[in-house]
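Fold and geometry: a report
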Amino acid sequence: MRERHFVATGYVVRDGKTLLLFHKKLKMWLPPGGHIDEGELPEEAVLREIREETGLEAEILSPKRAKESQEDGVRTMHIPDHVQLENIPNHPQHIDLIYFCRARDGKAIFSPAEHEGMKWHSLEDLKGSHVRGEVRQTGVMAIRAVEKLDLEKA
């Protein structure tokens, strides 16, 4: 059986754009994310990865049950937008929990140890050939989800 690792990815949105990083090893534009550490919750992992890779604090926008009962010891967590299985060359498969997030105030700063560049991508930018299909599609979905939430609040 093939080895698999759980990872969490955050499509971070601000001002109608989503933040992508150019990954050194994989040579492609990707959103921030990474492995879920032992004992870490997926929602903790995605926020930690965003902070480590971009310097930004973010909030997860996906829903969770509004009212919890602490009496039975059950805690609800944010629901990922979707989960995907990814084949990574020369690496275990990734079971990736994809979250849509909103960047809080602050300037994004990337880590040169893992990435060669960072760019906020608009819907138009995501159409470029430099962004692979799955990242493009999910980036568009994330931007539109944030726009919809903003309209509902207005």
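Read on for a plain summary of the structure. This is a predicted model, so every value here is computed, not measured. (Residues numbered from 1 in each chain as written. Predicted model: local features only at pLDDT ≥ 70, side-chain atom pairs only at ≥ 80, totals over all residues. Heavy atoms only, no water.)

From N to C terminus, the protein includes two helices and eight strands. Traced from its N-terminal end to its C-terminal end, the protein shows the element sequence β-β-β-β-α-β-β-β-β-α. Its C-alpha atoms give the protein a radius of gyration of 16 Å, within 12% of the compact-globule value 15 Å for 154 residues. With the principal axes as the frame, the protein shows a C-alpha extent of 50 × 50 × 25 Å. Taking all 154 residues of the protein together, the buried fraction comes to 43%. Residue pairs at least 24 apart in sequence account for 65% of intrachain contacts in the protein once pairs closer than 6 positions are excluded. (Helix = DSSP H or I, 4+ residues; strand = E, 2+ residues; numbered from the N terminus. Rg over C-alpha atoms; globule rule 2.2 N^0.38 Å. Buried < 20%, exposed > 50% of the residue type's maximum accessible area, 1.4 Å probe, protein only. Contact = heavy atoms within 4.5 Å.)

Okay, unusual backbone geometry next. Trans peptide bonds make up most of the peptide bonds, and negative phi angles are found at most residues other than glycine. The backbone phi angle of Lys27 is positive, close to 55 degrees, even though this residue is not glycine. Among the secondary structure elements, Lys27 is positioned in the loop between strand S2 (17–23) and strand S3 (28–30). Within the chain, Asn90 stands out as a residue other than glycine whose phi angle is a positive 55 degrees. Classification of Asn90 as exposed rests on a relative accessible area of 85%.

Our next topic: the packing of aromatic side chains. Applying the stated criterion across every chain, the model contains two aromatic pairs. Between the aromatic rings of Tyr11 and Phe100, the centroid separation amounts to 6.5 Å while the plane-to-plane angle is 85 degrees, which identifies the pairing as edge-to-face. With Tyr11 in strand S1 (residues 4–14) and Phe100 in strand S7 (residues 93–103), the pair connects residues that are 89 residues apart, well separated along the chain. You can call Tyr11 buried: its relative accessible area is 1%. Both rings, one in Phe22 and one in Trp29, keep their centres 5.4 Å apart while their planes meet at 65 degrees; by these two values the pair is edge-to-face. (Phe/Tyr/Trp six-rings, centres within 6.5 Å; stacked < 30°, edge-to-face > 60°.)

Moving on, we come to the layout of surface pockets. Approximately 680 Å³ is the volume found for the largest pocket. Around the largest pocket, the lining comprises 31 residues; the ones closest to its centre are His23, Leu26, Leu30, Ile88 and His94. The set of elements that each furnish at least two residues to the lining of the largest pocket consists of S1, S3, strand S4 (33–35), strand S6 (82–86), S7 and helix H2 (133–153). Grouping the amino acids of the lining of the largest pocket by side-chain chemistry returns twelve nonpolar, eleven polar and eight charged. (1 Å grid on protein atoms, 1.4 Å probe; cavity = no way out; pocket = protein on both sides within 12 Å on 5 of 7 lines; lining within 4 Å. Points joined across faces, edges and corners; volume = space filled by probe spheres on them. Nonpolar A, V, L, I, M, F, W, Y, C, P; charged D, E, K, R; others polar.)

Let's shift gears to the nonpolar core. Counting 16 residues, the largest nonpolar core has Tyr11, Leu20, Leu126 and Val135 as the members making the most contacts within it. Elements with a minimum of two residues in this core: S1, S2, S3, S7 and H2. The residues contacting Val135, other than those within four sequence positions of it, are Tyr11, Leu20, Trp29, Leu30 and Pro31. Membership of the second largest hydrophobic core comes to 15 residues, among which are Leu19, Ala45, Leu97 and Ala108. (Core = buried A, V, L, I, M, F, W, Y, C linked by side-chain atoms within 4.5 Å.)

The next thing to look at is helix H1 (residues 42–54). Between its terminal C-alpha atoms H1 stretches 18 Å, which fits the 18 Å expected from 13 residues at 1.5 Å a residue. On the buried face of H1, the contacting elements are S1, S2, S4, strand S5 (58–60), S7 and strand S8 (115–121). Just beyond H1, the residue with positive phi is Gly55, at close to 80 degrees. (Expected span 1.5 Å × (residues − 1).)

Just distances and angles here, no functional claims.
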